[in-house]
Amino acid sequence: MSSRRDFLQKISASAISLPILGGTMSIQDFYSQPYQGPMLRVAIMGLGSYGNRVAEAMQSCKKAKITGLISGTPSKIKEWSSKYNIPEKNCYNYETFDRIKDNPDIDAVYVITPNGLHADQSIRVAKAGKHVICEKPMAINAKEGQAMVDACKQANVKLLIGYRMHFEPNTLEVIRMRNEGEFGKVLFFQGLCGFKIGDPTQWRLDKKLAGGGAMMDIGIYAINGSRYMVGEEPVWVTAQETKTDPVKFKEGVDETIQFQFGFPSGAVASCLSTYSMNNLDRFFLNGDKGFAEMQPSTGYGPIKGRTHQGELNKPHVTHQTVQMDEMAGIILEGKKARVPVDGEEGVKDMKIIDTIYKAVKSGKKESLNLT
Ligand code: NDP
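These figures come from a predicted structure and were not determined experimentally.

Draft legend 1. Just the sheet that holds strand β2 (residues 64–70), in detail. Ordered by their spatial adjacency, six strands build an open sheet running β3-β2-β1-β4-β5-β6, and the pairing between neighbours is parallel. Strands at the two margins of the open sheet, each flanked by one partner only, are β3 (91–92) and β6 (159–161). Sheet topology places β2 next to β3; two bridges connect them, and they run parallel. Directly across from Leu 69, in β3, lies its bridge partner Cys 91.

What follows is the structure in structure tokens.
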């Protein structure tokens with residue numbers, strides 16, 4: 001979806017209205033009416049594949065716009081600055097971006113680089129006095145994630161993680177149903193997340209830049225999904241790894257991990273994270289009075305699924321457009337996300353990943369304390 005008109009057509013195709021964060025206005029009204037309020041001015045760091053998707057989606061944002069670029073590739077700066085009308089004075093590389101602190105045109109930096117670089121880059125952004133939006137996984141372990149949280153606190157800036165599903169209408173509908181007891185007592189969650197990864201030379205298969213393998217990249221959706229679908233924090237983890245190709249998936253780069261969680265209520269989760277199978281993007285939540293199943297559950301959408309009451313039919317909205325408008329509301333107006341997207345939320349996922357890796361090594365049930 002590239003233009004605002006396409007975007008509005010997609011939304012207005014549905015009669016269903018959804019409130020935009022913390023307000024009473026429906027998403028449909030929000031995107032069809034002029035907006036006069038504050039605008040979050042964002043520099044994108046890392047002009048790669050996902051950076052491109054975010055930048056395109058932000059063209060339809062009402063509360064956020066791109067005003068700066070940070071890249072190690074001069075040709076991309078040239079192309080992007082002309083495409084998005086960014087002046088040269090707002091363009092930086094990885095050596096110069098600390099100077100962003102003197103740039104009044106930029107409120108926040110969206111870090112969309114390889115995982116292993118997130119912590120250092122986010123901490124530098126915080127030290128430059130700008131808000132940080134950082135892609136998932138926020139870092140490569142909980143220690144790094146916590147250092148990011150501390151640095152942002154110290155600099156008095158916000159830290160938000162790019163959890164786009166936390167604003168997705170069908171996902172929020174399942175969470176609403178669960179909160180209102182429509183599934184009864186939640187008993188079981190299944191999250192299957194994976195794809196077949198190509199190019200063996202890419203950073204996603206480099207332990208230093210990726211921090212791990214499929215778990216960091218795609219398994220994190222099943223982890224995060226377990227938490228927002230069940231509505232509790234896991235208290236124990238078991239995990240088993242299988243590796244069919246040790247040449248492609250070197251030491252420390254996981255190919256496939258199955259993992260299980262136990263929750264305080266007694267609910268359990270069973271999940272799969274893999275870089276070796278396609279067609280895996282499925283959530284299933286079961287309670288003693290009903291169920292929800294979503295497939296696709298975390299892709300770029302439309303998210304599809306059904307519950308014991310029928311089809312999930314909330315309208316598809318470009319995830320990254322809504323995410324950035326909602327994040328602007330959080331940063332500029334102090335709004336609160338219904339499912340948190342703050343640094344502490346990111347650290348919880350990192351602690352779980354650390355514990356999954358620990359459980360793979362120990363072969364034991366490992367306990368977790370996230371509260
Ligand atoms: P890409 O490889 O497509 O892009 C990463 C960009 O980071 C590069 O193009 C480059 O941009 C910059 N970069 C800086 N240093 C390096 C380096 N040493 N090696 C490679 N690239 C470098 O990756 P993605 O865009 O797919 O992923 C980036 C991040 O976004 C990851 O953390 C990933 O998990 C996350 N992501 C999130 C998604 C979501 O749905 N929320 C979906 C996809 C990715 P430049 O040339 O401008 O410096």
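Further notes follow.
Draft legend 2. Local environment of the domain arrangement of the chain. Segmentation of the chain into domains returns domain 1 (37–162) and domain 2 (185–288 + 343–367). Computed over C-alpha atoms only, the centres of domain 1 and domain 2 are separated by 27 Å. Across the domain 1 to domain 2 interface the summed buried area is about 1300 Å²; carbon plus sulfur atoms make up 66%. By the criterion of area lost to domain 2, the three top residues of domain 1 are Lys 136, Ile 140 and Ala 142, representing 34% of everything that side buries. If you look at where domain 1 meets domain 2, you find two salt bridges. In this structure, Lys 136 and Asp 217 form a salt bridge, with 3.6 Å as the shortest nitrogen-oxygen distance. At the surface where domain 1 touches domain 2, the tally comes to seven residue pairs in polar contact (both at pLDDT 80 or more). When residues in the side of domain 1 that touches domain 2 are grouped by element, the largest group, five residues, is from helix α6 (residues 142–155). Broken down by class, the residue content of the side of domain 1 that touches domain 2 amounts to ten nonpolar, five polar and two charged.

Draft legend 3. Layout of the site of the ligand. Taken together, 27 residues lie around the ligand, and Ser 71, Thr 73, Lys 76, Tyr 94 and Asn 115 are the ones closest in. Contact between the ligand and Leu 47: an oxygen atom at 2.9 Å from a main-chain N or O atom of the residue. Listed by contribution, the elements that provide at least two residues to the shell around the ligand are α3 (49–58) and α9 (214–230). Here the shell around the ligand is composed, by residue class, of eleven nonpolar, ten polar and six charged. Taken together, domain 1 (37–162) and domain 2 (185–288 + 343–367) each give at least three residues to the shell around the ligand, which thus spans both.

Draft legend 4. Structural view of the pattern of salt bridges. Scanning all chains against the criterion turns up 19 salt bridges. For Glu 182, the salt bridge goes to Arg 176, with nearest N and O atoms at 3.2 Å. A salt bridge links Glu 233 to Arg 227; the shortest N-O distance between them is 2.6 Å. Among the charged side chains, a network of salt bridges with common partners joins Arg 227, Glu 233, Glu 345, Lys 348 and Asp 349.

Draft legend 5. Just the pairing of β2, in detail. A large share of β2 lies buried, amounting to six of its seven residues. Bridging between strand β1 (residues 40–45) and β2 involves six bridges; their strand directions are parallel. The partner of Met 45 across the bridge, within β2, is Ile 70. For the segment spanning β1, α3 and β2, crossover handedness is right-handed.

Draft legend 6. Here's a closer look at helix α5 (residues 118–127). When you tally the buried positions in α5, you get seven out of ten residues, the bulk of the element. Every buried residue belonging to α5 is among His 118, Ala 119, Gln 121, Ser 122, Ile 123, Val 125 and Ala 126, and all of these are buried. Here the buried face of α5 lies against β1, β4 (108–111), β5 (131–134) and α6. Of the residues one or two after α5, Gly 129 is the one with positive phi, at around 80°.

Definitions and limits used
- Residues numbered from 1 in each chain as written.
- Predicted model: local features only at pLDDT ≥ 70, side-chain atom pairs only at ≥ 80, totals over all residues.
- Heavy atoms only, no water.
- Pairing = 2+ DSSP bridges.
- Helix = DSSP H or I, 4+ residues; strand = E, 2+ residues; numbered from the N terminus.
- Domains from an automatic or database assignment.
- Buried area = accessible area lost by both parts, 1.4 Å probe.
- Salt bridge = Lys/Arg side-chain N within 4 Å of Asp/Glu carboxyl O.
- Polar contact = N/O pair within 3.5 Å; in protein donor to acceptor, adjacent residues only side chain to side chain.
- Nonpolar A, V, L, I, M, F, W, Y, C, P; charged D, E, K, R; others polar.
- Near = heavy atom within 4 Å.
- Buried < 20%, exposed > 50% of the residue type's maximum accessible area, 1.4 Å probe, protein only.
- Right-handed = clockwise from strand over helix to strand, strands pointing away.
- Contact = heavy atoms within 4.5 Å.

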